[in-house]
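Okay, here's what each chain looks like letter by letter:
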Amino acid sequence: MSITDAAFQKCINPDCAAQFDCAQALFKCPKCGELLDAQYNWEKINVPDKLSDLEKRWANRNNPLDFSGVWRFRELLNFCEDKYKVTIGEGQTILQQNDAVAKYADIKQGCLYLQYEGLNPSGSFKDNGMAAAFSHAKMLAMSSCACASTGNTSASVALYAHHCGLKCTVLIGSGRIAFGKLSQAMDYGAQTIQILGDFDDCMRQVQDVCNELGLYLLNSLNPFRLEGQKTIMYRIIEQLGWDVPDWIIVPGGNLGNSSAFGKAFYELKQLGLIKRIPRMAVINATGADTLTDLVNNKKLTWNNGKVNQKVIDDYYADLTARNFSPRTCASAIEISRPVNLKKCLRALDICNGVVRAVTDEEIVDAKAIIGKFGLGCEPASAATIAGLRNLRAEGIVTADQRVVCVLTGHPLKDPDVTVNYHKDKQCQFSNPPIEVPNDLDEIIKLIR
Ligand code: F0G
């Protein structure tokens, strides 16, 4: 294996700041146990003078790396040589301006955009991260990998693993995963282990499993995965004619996306490739609102990397004492111990961010609106529009600001939530099927 000297791994704890080369699969700092970042020696990388210089790749789409929505930005995640880079055509996603959804969220016409990450090959944003992480795994010649998942990670890992020829094991909480996602993991050939527990239990177990068996871990603890997820922001900027929006709104689960987005904007600003950093709103579900509680009530902040660990420890000790397990219809974000909490705090600091929680009712209503007027999404993704609506009511977001909501997963991921909503006549925007006798006149009477 040859590694580039352009990239290295670095502990996010400023008191430690230990550095490691990229030839190791670490996932936590071996010195202090904190999260690791991928970092770059930018002077050794041929970074374009302006982002629009990358447009030349559009003309070269027959090269899979130039076609990939991840690798066409490869100078900004330059941790491995091209020969290791993995792509299955991820990142061909649409930024849609949507006035009908804007009206629902009380945003001025022309100002709301929906970023459809459900259009990725496995149907969620995870593919951006997996393209990068599996490239790292290939560079390290790994043969076996694992993840814990609320569903989408397992689907994406399974798809990339079978593409790359790695053995793949996924750990999911029994009864905690939407059927679309479970069907993908099985169909793509993953060994699927259902644990009698929730995602947080799976996350704990998978780290020990990977350590014990030397498996490559594909959860968002993996710093290279987050490098791939930075490209979602590059593509939004690209689709806005290389301009940044005023707000990015993203659902918060294990907090990998929000962490990656903050890092993306920080680096682009450092490199002089953008003039300003947008604000970010991270939206939890009320049944899984650790971040919201810690930030808004316990006043937890990044504090230049000196995060108050005691506040976090006390919070988790209380969850344990109460035997708390998160619950929301947005099963993708049903997480109460988000592994990227500290990186997310850093991102909130970088992006002058806010955090809110929305109810399941608000989520499913927003989802119905995105379905009726847009291309649809899974419940967790709709938390963005529900959150935006509340942020407008609070006056935090103004009606004429340009807002991008990241719709993280495809509507077919979780048909149960959709069908149950529309069959329930009590739901605000339900559209139930109507049963009729097998009779032409009766059918015509209904349609007329
Ligand atoms: N939206 C969807 C559709 C997801 O699947 C997830 C996370 C999130 C949002 C939250 O993203 O973790 O970056 O804050 N799903 C993970 C999984 C946990 O296992 O599929 P995050």
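Structure's up top.
Residues numbered from 1 in each chain as written. Predicted model: local features only at pLDDT ≥ 70, side-chain atom pairs only at ≥ 80, totals over all residues. Heavy atoms only, no water.

**Student:** For the packing of aromatic side chains, give the residues involved together with the corresponding values.
**Tutor:** The tally for this structure, following the rule as stated, stands at 8 aromatic pairs. Pairing Tyr104 with Phe429 gives two aromatic rings, centres 5.8 Å apart and planes at 80°, and the pair type is edge-to-face. Here Tyr104 is found in helix α2 (residues 99–104), whereas its partner Phe429 is found in the loop between α14 (415–423) and α15 (440–447), with 325 residues between them in sequence. With relative accessibility at 26%, the residue Phe429 sits in the partly exposed group. One aromatic cluster is present, built from ring pairs that chain together Trp71, Phe79 and Phe224. One cation-aromatic arrangement involves Arg337 over Tyr316; the distance from NZ or CZ to the ring centre is 5.4 Å. Stacked on the ring of Trp302, the Lys or Arg Arg346 has its end atom at 5.8 Å from the ring centre. (Phe/Tyr/Trp six-rings, centres within 6.5 Å; stacked < 30°, edge-to-face > 60°. Helix = DSSP H or I, 4+ residues; strand = E, 2+ residues; numbered from the N terminus. Buried < 20%, exposed > 50% of the residue type's maximum accessible area, 1.4 Å probe, protein only. Lys NZ or Arg CZ within 6 Å of the ring centre and 35° of its normal.)

**Student:** Describe unusual backbone geometry, and please don't skip the residues or the numbers.
**Tutor:** In this model, Lys299 sits at a positive phi of 60°, which is unusual for a non-glycine residue. Looking at the element boundaries, Lys299 is found in the loop between α9 (290–297) and α10 (309–321). Although it is not a glycine, Asn303 adopts a positive phi angle of roughly 50°. By secondary structure assignment, the location of Asn303 is in the loop between α9 and α10. The class of Asn303 is partly exposed, set by a relative accessible area of 45%.

**Student:** Summarise α9; cite the residues concerned and give the values.
**Tutor:** Counted residue by residue, α9 has 6 buried out of 8 residues, so it is predominantly covered. Those residues of α9 lying buried are Thr290, Leu291, Thr292, Asp293, Leu294 and Val295. At its buried positions, α9 is contacted by β11 (279–285), α10, α11 (341–350) and β12 (354–358). Looking one or two residues beyond α9, the residue adopting positive phi is Lys299, at roughly 60°. (Contact = heavy atoms within 4.5 Å.)

**Student:** Which residues make up the environment of Arg57, and what values go with them?
**Tutor:** As for its position among the elements, Arg57 is in the loop between β3 (36–40) and α1 (64–67). Since its relative accessible area comes to 9%, Arg57 is described here as buried. If we ignore the near neighbours within four places in the chain, the residues touching Arg57 are Asp66, Trp71, Arg72, Phe73, Arg74 and Glu75. Looking at Arg57, its side chain comes within polar contact range of the side chain of Glu75, at 2.7 Å. (Polar contact = N/O pair within 3.5 Å; in protein donor to acceptor, adjacent residues only side chain to side chain.)

**Student:** So what's going on with the side chain of Lys413? Residues and values would help.
**Tutor:** With respect to the secondary-structure elements, Lys413 resides in the loop between β13 (403–407) and α14. Put simply, Lys413 is tucked away with no salt bridge, and the nearest opposite charge, on Glu378, sits 5.7 Å away. At 2.8 Å, the side chain of Lys413 and the side chain of Asn152 are in polar contact. With residues near it in sequence (within four places) discarded, Lys413 still touches Ser122, Gly123, Ser124, Asn152, Ala155, Ala178, Phe179, Gly180, Lys181, Gln184 and Glu378. (Lys, Arg positive; Asp, Glu negative; His and termini not counted. Salt bridge = Lys/Arg side-chain N within 4 Å of Asp/Glu carboxyl O.)

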